[in-house]
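# Close look at the chain arrangement
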Number of protein chains: 2
Amino acid sequence: MPPRRTPRSLAKAPLVRDPVRPRGTARARVLAFVREQLAAGAPPTVREVQRALGFKAVESARQHLEALVAEGKLAKEPGRSRGYRLPMGGTPLPQVRLVPQLGRVQAGGLREAIEDPDGWLAVEGLQCDEELFALTVRGESMTGAGILPGDVVVVRRQDTARDGEIVVALVRDEATVKRLRLRDGQVVLQPENPAFAPLVFAPAVSGPDTEIRILGRVVEVRRRLA
Amino acid sequence: MPPRRTPRSLAKAPLVRDPVRPRGTARARVLAFVREQLAAGAPPTVREVQRALGFKAVESARQHLEALVAEGKLAKEPGRSRGYRLPMGGTPLPQVRLVPQLGRVQAGGLREAIEDPDGWLAVEGLQCDEELFALTVRGESMTGAGILPGDVVVVRRQDTARDGEIVVALVRDEATVKRLRLRDGQVVLQPENPAFAPLVFAPAVSGPDTEIRILGRVVEVRRRLA
DNA sequence: GATTTAAGCAGACAAATGACTGTTTTGTCA
DNA sequence: TGACAAAACAGTCATTTGTCTGCTTAAATC
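Residues numbered from 1 in each chain as written. Chains lettered and ligands numbered in written order. Predicted model: local features only at pLDDT ≥ 70, side-chain atom pairs only at ≥ 80, totals over all residues. Heavy atoms only, no water.

## Quick word on the pattern of salt bridges
Threshold: Throughout this description, the term salt bridge denotes a Lys or Arg side-chain nitrogen within 4 Å of a carboxyl oxygen of Asp or Glu. Under the DSSP-based scheme used, a helix requires at least four consecutive residues in state H or I and a strand at least two consecutive residues in state E, with every element numbered from the N terminus. With a 1.4 Å probe rolled over the protein chains alone, any residue whose accessible area is under 20% of its type maximum counts as buried; one over 50% counts as exposed, and the rest are partly exposed.
Counting across every chain of the model gives 34 salt bridges over all chains. Glu48(A) is the salt-bridge partner of Arg80(B), the closest N and O atoms lying 3.0 Å from each other. Highlighted residues: Arg80(B) in the loop between strand S1 (75-76) and strand S2 (84-85) and Glu48(A) in helix H3 (residues 46-53), drawn from two different chains. Note on Arg80(B): relative accessible area 11%, which makes it buried. Ionic pairing is found between Lys76(A) and Glu66(A), a salt bridge with its closest N-O pair at 2.9 Å. With Lys76(A) in strand S1 (residues 75-76) and Glu66(A) in helix H4 (residues 58-71), the pair connects residues that are 10 residues apart, well separated along the chain.

## Notes on the environment of Gly146(B)
Basically, it comes down to this: In this description, contact between two residues means that some pair of their heavy atoms is separated by no more than 4.5 Å.
Note on placement: Gly146(B) falls in the loop between strand S5 (132-136) and strand S6 (152-157). Expressed as a C-alpha distance, the spacing of Gly146(B) and Glu192(B), which sit 46 residues apart in the sequence, is 8.9 Å. Other than its neighbours up to four places away in sequence, Gly146(B) contacts Gly146(A), Leu148(A), Arg223(A), Asp151(B), Val221(B) and Arg223(B).

## Here's the deal with helix H2 (residues 26-40) of chain A
Residue and element names in this part refer to chain A. The cut-off we apply is this: Here, expected helix span is obtained from the residue count minus one, scaled by 1.5 Å. As used here, the arc is the angular range of directions from the helix axis to the C-beta atoms.
With 15 residues, H2 extends 21 Å from end C-alpha to end C-alpha; this agrees with the ideal 21 Å at 1.5 Å per step. Within H2, burial applies to Val30, Leu31, Phe33, Val34, Gln37 and Leu38. Along H2, the residues classed as buried sweep out an arc of 160° about the axis, all on the same side. Two residues or fewer past H2, glycine 41 is found with a positive phi of approximately 135°.

## Section: the packing of helix H1 (residues 26-40) of chain B against helix H2 (residues 46-53) of chain B
Residues and elements named next belong to chain B. Note the following rule: Each axis is a line fitted through C-alpha atoms, taken for helices only over the stretch in contact, and angles between the N-to-C directions span 0 to 180 degrees. If an angle is under 35 degrees, it is roughly parallel; if it is over 145, roughly antiparallel; if it lies from 65 to 115, roughly perpendicular; otherwise it is oblique. What makes a crossing left-handed is the near helix being turned counterclockwise from the far one by less than a right angle; a clockwise turn instead makes it right-handed. For this scheme, ten residues count as nonpolar: Ala, Val, Leu, Ile, Met, Phe, Trp, Tyr, Cys and Pro. Four count as charged, namely Asp, Glu, Lys and Arg, and the remainder, Gly too, count as polar.
It is at 10 Å that the axes of H1 and H2 come closest, and there the two elements cross at 120°. On the basis of the axis angle, H1 is oblique to H2. Of the two possible hands of crossing, H1 and H2 adopt the one that is right-handed. Across the interface between the two elements, Ala26, Arg29, Val30, Phe33 and Val34 of H1 pack against Glu48, Val49, Ala52 and Leu53 of H2. Across the contact of H1 with H2, the residue classes break down as 7 nonpolar, no polar and 2 charged.

## Things to note about the pairing of strand S6 (residues 152-157) of chain A
All names here are of chain A. This is how the line gets drawn: Strand pairing is assigned whenever DSSP detects at least two bridges linking the two strands.
Counting buried residues along S6, 5 of its 6 residues qualify, which places the element largely inside the surrounding structure. Relative to S6, strand S5 (residues 132-136) runs antiparallel, the two sharing 5 bridges. In the sheet register, phenylalanine 133 faces S6, and the bridge partner there is valine 155. Pairing of S6 with strand S11 (residues 212-224), which is carried by 6 bridges, proceeds in the antiparallel orientation. Across the sheet, residue arginine 157 finds its bridge partner in S11, namely glycine 216.

## A closer look at the packing of H1(B) against helix H3 (residues 58-71) of chain B
All names here are of chain B. Following both chains from N to C, one finds H1 and H3 inclined at 85°, their axes separated by 10 Å at the closest point. As the angle between them shows, H1 and H3 are arranged roughly perpendicular. Contacts between H1 and H3 involve Ala26, Arg27, Val30, Leu31 and Val34 from the former and His64, Leu65, Ala67, Leu68 and Glu71 from the latter. Taken together, the residues of the contact of H1 with H3 break down into 7 nonpolar, 1 polar and 2 charged.

## Overview of the nonpolar core
To keep it simple, the criterion reads: Throughout, nonpolar core names a set of buried Ala, Val, Leu, Ile, Met, Phe, Trp, Tyr and Cys residues whose side chains join them through atoms within 4.5 Å.
Counting 17 residues, the largest nonpolar core has Ile147(B), Val153(B), Ile166(B), Val168(B), Val177(B) and Val218(B) as its most contacted members. Core analysis: the next-biggest nonpolar cluster, separate from the first, contains 16 residues, Val137(A), Met142(A), Val177(A) and Val221(A) among them.

## Describing the confidence of the model for chain A
We apply this condition: Values of pLDDT, ranging from 0 to 100, describe the predictor's confidence in every residue of the model.
Averaged over every residue, the pLDDT of chain A is 79; the share at 70 or more is 75%. Confidence drops under pLDDT 50 across residues 1-23 of chain A; counting only partners more than four residues distant or on other chains, this segment forms 27 contacts.

## Comments concerning the environment of Arg29(A)
For Arg29(A), the position within the fold is in helix H2. Linking Arg29(A) and His64(A), residues 35 residues apart in sequence, is a C-alpha distance of 9.8 Å.

## Overview of unusual backbone geometry
Phi is positive for Arg82(A), close to 50°, though the residue is something other than glycine. Tracing the sequence through the fold places Arg82(A) in the loop between S1 and strand S2 (84-85).

## A short note on H2(B)
An α-helical segment advances 3.6 residues per turn. Residues three or four places apart therefore align on the same side. Residues and elements named next belong to chain B. Residues of H2 that are buried: Val46, Glu48, Val49, Gln50 and Leu53. Where H2 is buried, its residues contact H1, H3 and S2. Backbone geometry just after H2 places glycine 54 at a positive phi near 85°.

And the structure:
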């Protein structure tokens, strides 16, 4: 809705469009067009469907859309503009959240790395106020916990953690994944691989000034196979 | 904390130092919300941003959105409702796809189970024409491959697989995850745990009539930690 | 030929949505 | 403190957008 300042020529500007090409029934072409628009970033309005299909009346497009909803080939979010979606069989849609995926984390540069991520990861079912990021695991020190090199870990940003939790810690300017152990006033980063030795630190409380700094807790592990 | 970028009034930028804001600035949270909505299927309206961020005025949300466009972190299609997109130069959003998550797979009931899933999983970067589903792993037979009980595997539906791939196979009315080995005309389902024995089958080609039937190939492994 | 049915058309209206103007609050710094 | 700017707020309006009602046309059906 570009009010006063926006020229109308821009307002009517193109969609992902194809000229008139009667392929399939009108209804099938409506469905195909909605799918294209959804893939292109946003579902279309009824009038965009009308123009794309060459209808002379808005209602023609709307009838096709409603018919597709009745057939179960489309879903609709009532009361919203551009409310047509792909049907999900009645089960509720997961709450998807995008999490920045970081390449390399340097000392102190966590915040900068989050600001300029290498990519984005879709994660579900997590609190909206949690600060999350994702890292790719290097090394085989956690294979015993089912975390292999190349796996992606989703990390909840926090400065402290409890005994037994798997954390991402910054040790000597390098981020590593280990299991945290708190014993006798010591902080131990415990690998889950007999070939690796635990890292033991003195202070029981981590902070910006200590040798070790906890960046966060691992809340999810992902692995892509080929 | 490092100095923030200067988003506003670039002409006067040198004189005015940017104030240090609390962790999740409002503008950053607006950007995150738009990204999430785009991943969920459609960009939000200005008023949806307003409600999500808790603004009491629509204009507050709109100013943030326009500022993000000026910063180049968002793009806008003028003249359209829900016209905010990601800029072409930025990091691309993952193409999120929803995959049905199945509870228990009975013999022959895969198609029915897919039709009526227990839930949906957001998966990215996969071909749109692939038929995918998700399963929860039972048993410890694949711990050596980093697949633990309770993990969720994303499976690409296919009847055959190649040697060495991790597959989901239907054996005696039960779906199991194993590594596939094809040797000397035999089909071997190889566990990755010394405590388990491989399952050996005669025919090199699986089908509806044989003892074993391959349901698909594991393409992703996920594990949630508390 | 009359009836029915489906598809499309035309126009109108109300709600949703984007945008504008002006005011108030809030935080920073001289 | 007071000046200043950014941010947030409140209210209003224009455009878009969904939806409704009634009408026309064409094909199928009896």
